[in-house]
Amino acid sequence: MALSYEYSVGSVRAKENALFHNADAEQMLALRDETQLARYLKDRDFGDGDTVDEILESNAQRTWEYLRSIAPDFAVFNPFFYQNDLHNLKTVLKGTMASAPYEALLIEPSTIPVSELKEAVENRRFDRLPSWISEAADAAYETLAHTKDARSSDALIDRAALEELLRTGKSSDSPFLREYLERIVFYADMKIAIRAARVGAGDYYLERAICEMDVFKKSELVSAVLKGEEALLKYLERIPAYDARRAVEAYRTAPAAFERFTDNEVMRLAKRLCKLSVEGADPMIGYMIGCDYDRKLVEMIASGLRMKSPPEVIRERLREIYG
């Protein structure tokens, strides 16, 4: 029987009840160590395993297996796998060219089978890869082979993915995905530009790394980066989109505050457009994002417990959650 979005919406609405709430975060913050955290997660049936890492991996596998079982069209999740595709392509490229083992570094899920990546790199047949990445992959190979400049090689691949996210958003039937993907690309451009300004990167790198968007001129953004961090921040805060001014204000407070701000803005968007939606793929996508943020919550708390950080210090790093 063909799956329907009516069925998937009903299913994820029931599953959402098991997502973490702020009270759950406070209970985890009150734990003394990772052993207690692992026990708490097992009691919640968050995942299988004896360690936090094992439980997190199990939870991720469970989430994707569940979503595959209810999604009328699983391809709607492809944009969330592109980062894994990029990681795998870079890993295969560098491992092959350095004659170094890399199999253990590959990650799933992805949209491009690892076997296709291997064949493309080993035979330099990048035309066999999806069109959105084939040209960039060939250029990255050329850059790596002739200049050994891994940073510029990676930038070409990363920009191709950002461009594909924009194309996917513009053609999507999902109101959430259209706004979400554009916001993700904008924040990625901001992060690239800010890092480049801090290290004094040149226009050669910037032209390869920054993704063109409707809300700014790439030439103006590159020019601002080349003038230094303060000139860049003043340019960014004038962009009338994606809460750019507030993002810059957060960055001026601390880089970590900027990262937290961008994550929270994405979560608020998901809660506004996905949690209240009653049709289409958006409720499933929102649930997936909620599960992902639950794992990030656990990772941050586990890291804090490992470092023996006080609960109030860990709490300051936490992101808004979906539940």
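In what follows, the structure referred to is the one given above.
The sections below set out a description of the structure shown in this document. Fair warning: this is a prediction, and the values are worked out from it, not measured in the lab.

1. Considerations on the environment of Pro255
Item 1. You can see Pro255 is positioned in helix 14 (residues 255–273).
Item 2. Among the residues examined, Pro255 registers a relative accessible area of 42% and is labelled partly exposed.

2. Quick word on helix 14
Each full turn of the α-helix corresponds to 3.6 residues, which orients residues three or four apart in the same direction.
Item 1. An ideal rise of 1.5 Å per residue puts 27 Å on 19 residues; helix 14 measures up with 28 Å between its terminal C-alpha atoms.
Item 2. Inspection of helix 14 places Phe258, Phe261, Thr262, Asp263, Asn264, Glu265, Val266, Met267, Leu269 and Ala270 among the buried residues, and these make up the whole buried set.
Item 3. Where the residues of helix 14 are buried, they touch helix 9 (175–199), helix 13 (244–253) and helix 15 (282–306).

3. A closer look at the pattern of salt bridges
Item 1. Taken as a whole and judged by the stated rule, the model has 32 salt bridges.
Item 2. Two residues, Lys42 and Asp50, come together in a salt bridge whose shortest N-O distance is 3.5 Å.
Item 3. We classify Lys42 as partly exposed; its relative accessible area is 41%.
Item 4. Residue Asp50 is classed as exposed on the basis of its relative accessible area, which comes to 61%.
Item 5. Between Glu265 and Arg246 there is a salt bridge, and its shortest N-O distance comes to 3.6 Å.

4. Quick look at the nonpolar core
Item 1. Of all hydrophobic cores here, the largest spans 93 residues; its most connected members are Phe77, Ile133, Ile285 and Ile289.
Item 2. For this core, the leading source of residues is helix 9, giving 14 residues.
Item 3. The contact partners of Phe77, leaving out residues within four places of it in the chain, are Trp64, Leu67, Ala71, Met284, Ile285 and Met288.
Item 4. Counting 21 residues, the second largest nonpolar core, distinct from the first, contains Tyr40, Leu41, Leu297 and Leu318.

5. A look at a negative patch on the surface
Item 1. Residues Asp53, Glu54, Glu57 and Glu299 make up a contiguous surface patch of negative charge.
Item 2. The leading source of residues in the negative patch is helix 4 (residues 52–70), at 3 residues.
Item 3. You can see Glu54 is positioned in helix 4.
Item 4. By relative accessible area, Glu54 is classed as partly exposed at 39%.

6. What to know about the packing of aromatic side chains
Item 1. All told, the structure shown has 14 aromatic pairs when counted by the stated rule.
Item 2. Ring centres 5.7 Å apart and planes at 75 degrees place the aromatic pair Tyr66 and Tyr287 in the edge-to-face group. One end of the pair, Tyr66, is in helix 4; the other, Tyr287, is in helix 15, and 221 residues separate them in sequence.
Item 3. Residue Tyr66 is classed as buried on the basis of its relative accessible area of 14%.
Item 4. Through successive ring pairs, a cluster of aromatic residues spans Trp64, Phe74, Phe77 and Phe81.
Item 5. Lying over the aromatic face of Tyr66, Lys15 brings its terminal NZ or CZ to 4.7 Å of the ring centre.
Item 6. Directly above the aromatic system of Tyr205 lies the positively charged group of Arg151, at a separation of 3.8 Å from the ring centroid.

7. Examining the side chain of Thr63
Item 1. Here Thr63 shows up in helix 4.
Item 2. Setting aside residues up to four positions removed in sequence, Thr63 forms contacts with Cys291 and Arg295.

Here is what the cut-offs are and how they apply
Residues numbered from 1 in each chain as written. Predicted model: local features only at pLDDT ≥ 70, side-chain atom pairs only at ≥ 80, totals over all residues. Heavy atoms only, no water. Helix = DSSP H or I, 4+ residues; strand = E, 2+ residues; numbered from the N terminus. Buried < 20%, exposed > 50% of the residue type's maximum accessible area, 1.4 Å probe, protein only. Expected span 1.5 Å × (residues − 1). Contact = heavy atoms within 4.5 Å. Salt bridge = Lys/Arg side-chain N within 4 Å of Asp/Glu carboxyl O. Core = buried A, V, L, I, M, F, W, Y, C linked by side-chain atoms within 4.5 Å. Patch = residues over 30% accessible without salt bridge, like charges linked within 9 Å, V, L, I, M, F, W, Y side chains within 5 Å. Areas by Shrake-Rupley, 256 points an atom, 1.4 Å probe, with all protein chains shown as cover. Lys, Arg positive; Asp, Glu negative; His and termini not counted. Charge placed at Lys NZ, Arg CZ, Asp CG, Glu CD. Phe/Tyr/Trp six-rings, centres within 6.5 Å; stacked < 30°, edge-to-face > 60°. Lys NZ or Arg CZ within 6 Å of the ring centre and 35° of its normal.

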